[in-house]
Amino acid sequence: MHFDGLPDRQGALTMGQANMARCVRRDPPEHMNFLMIKRVPRRIGLDRIAEATLALLSRHEGLRTTFTADTQQVHGKGALEVVVVPDHGGPPMRAAEETGVLLRAPRFDLENEFPLRMAVVCTEAEPRLAVFVLPHTAVDAISLAHLLREWETLLHGRPLPGPEPTQPIDLADSERTPAALRRAEAALEHWRGGLARSPQTMFPIAFDTEHAMVARLRIRSVAVMSCLERAAARTGASPSMIVMAALGTLVGHRTAQPTCLLASLSSNRAHPRLRTHIGPLAQDALVVTDLAAATFDELITRFRVAALAGYQRSRFDSEALWEAIHAMDAERGTRYARDCVFNDMSAQVPPDDEDPVHEPELTWLPEAALPANLSLWINRLDTVLDLTLWVNPAALSGDEAEVFGAGLVRLLTAAGDRVVDVAEIEAVTGVAAMPYGPEWVRSGTSWVRPEAVRRLVERAVPGGTASVTLDEDGTFTCHLVTATAVTPGQAHRACLDLLPSHPDAVAPRRYVIEPGE
């Protein structure tokens, strides 16, 4: 499909584009490329599909944009290849899924490729299914849903409602006003303050975030919805916030952490002109909550306050944010691990037709790629509570994940009936705290094994012999004997580089280095 005669434009990247471009170039494509399959109504031919798709390209500049390091180029003319999959004798959905896997597998070439791959699966020469693959630089989950709704509207020949969309280049300009820059700096301060009082990871276990496939447990319940409504009326928190609080409470209880560190996906679409914007606006909201409370109601209030603060400060320059995180990690000898994630998708996922059969209904789904130890997605929050729990088996085994999922529903159910004491969380939910033996200590805000710290140093400085002591301030001093010419600063940087594979360690604060043979 060819297009021509549209405006050529060039400008800066939005904060969301810059963040996602960094990830698309680095992370596995299955993490960063969206795949959607849509049914094509009968009597809609390839010509109508082409017209609807070209109308989207004309309406949304982000679909015909390429990127350099810090610039986006909107192209006024070009071509988009659409793969047509003819009859092949099998079910059309299988052909669409197989085609989608092939289209999603290659990394997008952001400098030279438009951010849309598309295929149409036919049966008896008639289009039946359309396959869309887009990178995270072009859409987030909300804007992808808007984009496909627009495509379906155009497919039926109906006009699109609402005002003209805000284009990414115009959004980038608005993000560079003095007021917007002050808000971005406030977001960095929020992250600095939150991480300073957080553990480096909720689950101090090793995890391959680049390649790991994680288990997914779907949790559904009708009965819990009335309980959520009663808890919301009593506490003043939304049902979504109460589910987040239940997740954070159980994660903190399970990991025996006094503070819960969550990354919650923020849509950043509060402003009316951004609600239908096609582009990556979603970024992490940092939610840090002190778990030392008497009741679950008190924790609901704390999570609500922490989440609102995080959502209000969730638009930031990602490069500046990671510079700040790395600077804090170097100072603390830690590594921020985004290992617990909350994502409310209930406004985007269409409802199922059938209610769950059991209460609660737990169903294992095929494994999928997600770089986190534990993540909870809300799929529905209307007449049915529909959740997906993504869990690294090293964090929770299959049986433990089922206990955790059922316990989450039990906590929400109990909260609808009464004020639940924190002391009875385990009795109510069945979720037991992780046992930390004598080989574990608290270093600052993190659970750490001194033996892991020693091994970290010896791996960072090969050939050296290390011993470590935990000082009164909660940090480690390392005594290192080595024949290698190494300074304390060099040893510290080498330790920091290896922390991703040593989540049960921190880098020592002080190094005493003695020459050895």
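Our structure's up above, just so we're on the same page.
Residues numbered from 1 in each chain as written. Predicted model: local features only at pLDDT ≥ 70, side-chain atom pairs only at ≥ 80, totals over all residues. Heavy atoms only, no water.

### A word on the sheet that holds strand β3 (residues 33-39)
Stage number 1. What the four strands build is an open sheet, ordered β3-β9-β8-β7; its pairing is mixed. For this open sheet the edge positions go to β3 and β7 (82-85), each flanked by a neighbour on one side alone. Averaged over neighbouring strand pairs, the angle between their axes works out to 20° when direction is ignored.
Stage number 2. Relative to strand β9 (residues 126-135), strand β8 (residues 117-123) runs antiparallel, the two sharing seven bridges. Residue Val121 lies in a different strand from β9, and its bridge partner there is Leu129.
Stage number 3. Contacting β7, β8 and β9, helix α3 (residues 46-59) crosses the sheet at an angle of about 160° to β8. (Pairing = 2+ DSSP bridges. Helix = DSSP H or I, 4+ residues; strand = E, 2+ residues; numbered from the N terminus. Axes fitted to C-alpha atoms, helices over the stretch in contact; angles between N-to-C directions. Contact = heavy atoms within 4.5 Å.)

### Considering the environment of Ala306
Stage number 1. By the element assignment, Ala306 lies in helix α10 (residues 296-312).
Stage number 2. Along the chain, Ala306 and Met213 lie 93 residues apart, while their C-alpha atoms are 30 Å from each other.
Stage number 3. The residues touching Ala306, leaving out its near neighbours within four places in the chain, are Leu286, Val287, Val288 and Thr289.

### Brief notes about unusual backbone geometry
Stage number 1. Of note, the amide linkage connecting Glu359 to Pro360 takes the cis form, showing an omega dihedral of -15°.
Stage number 2. You can see Pro360 is positioned in the loop between β13 (340-344) and β14 (361-369).
Stage number 3. Residues other than glycine seldom take positive phi values, yet Glu124 does so here, at roughly 55°.
Stage number 4. Of note, Glu124 is situated in the loop between β8 and β9.
Stage number 5. Classification of Glu124 by relative accessible area gives exposed; the value is 66%.
Stage number 6. Phi is positive for Ala256, close to 55°, though the residue is something other than glycine.
Stage number 7. Along the polypeptide, Ala256 turns up in the loop between α9 (239-255) and β11 (259-266).
Stage number 8. When its relative accessible area of 30% is taken as the criterion, Ala256 is described as partly exposed. (Buried < 20%, exposed > 50% of the residue type's maximum accessible area, 1.4 Å probe, protein only.)

### Quick notes on helix α1 (residues 15-26)
Stage number 1. Compared with an ideal rise of 1.5 Å per residue, which puts 12 residues at 16 Å, α1 spans 17 Å between its outermost C-alpha atoms and is within 8% of the ideal.
Stage number 2. Looking at α1, one finds that the buried residues are Met15, Gly16, Gln17, Asn19, Met20, Ala21, Cys23 and Val24. (Expected span 1.5 Å × (residues − 1).)

### Some points on the side chain of Thr99
Stage number 1. Relative to the helices and strands, Thr99 resides in helix α4 (residues 92-104).
Stage number 2. With relative accessibility at 13%, the residue Thr99 sits in the buried group.
Stage number 3. Apart from the residues lying within four places of it in its own chain, the contact partners of Thr99 are Val85 and Ala119.

### A word on the layout of surface pockets
A probe matching the size of a water molecule, rolled over the atoms, marks out where space remains unfilled.
Stage number 1. Roughly 410 Å³ of internal volume is contained in the second largest pocket.
Stage number 2. What lines the second largest pocket is a set of 19 residues, among which Ala18, Arg176, Asp317, Ser318 and Glu319 lie closest to the centre.
Stage number 3. Looking at the lining of the second largest pocket, the elements with two or more residues in it are α1, α7 (178-196) and α11 (318-332).
Stage number 4. Looking at which element gives the most residues to the lining of the second largest pocket, the answer is α1, with five residues.
Stage number 5. Residue composition of the lining of the second largest pocket, grouped by class: nine nonpolar, two polar and eight charged. (1 Å grid on protein atoms, 1.4 Å probe; cavity = no way out; pocket = protein on both sides within 12 Å on 5 of 7 lines; lining within 4 Å. Points joined across faces, edges and corners; volume = space filled by probe spheres on them. Nonpolar A, V, L, I, M, F, W, Y, C, P; charged D, E, K, R; others polar.)

### Let's talk about the environment of Glu185
Stage number 1. With respect to the secondary-structure elements, Glu185 resides in helix α7.
Stage number 2. Take Glu185: its relative accessible area is 36%, and that puts it in the partly exposed class.
Stage number 3. Note: C-alpha distance between Glu185 and Asp317 (132 residues apart in sequence) is 8.6 Å.

Geometric descriptors of this kind do not, in isolation, establish any biological role.
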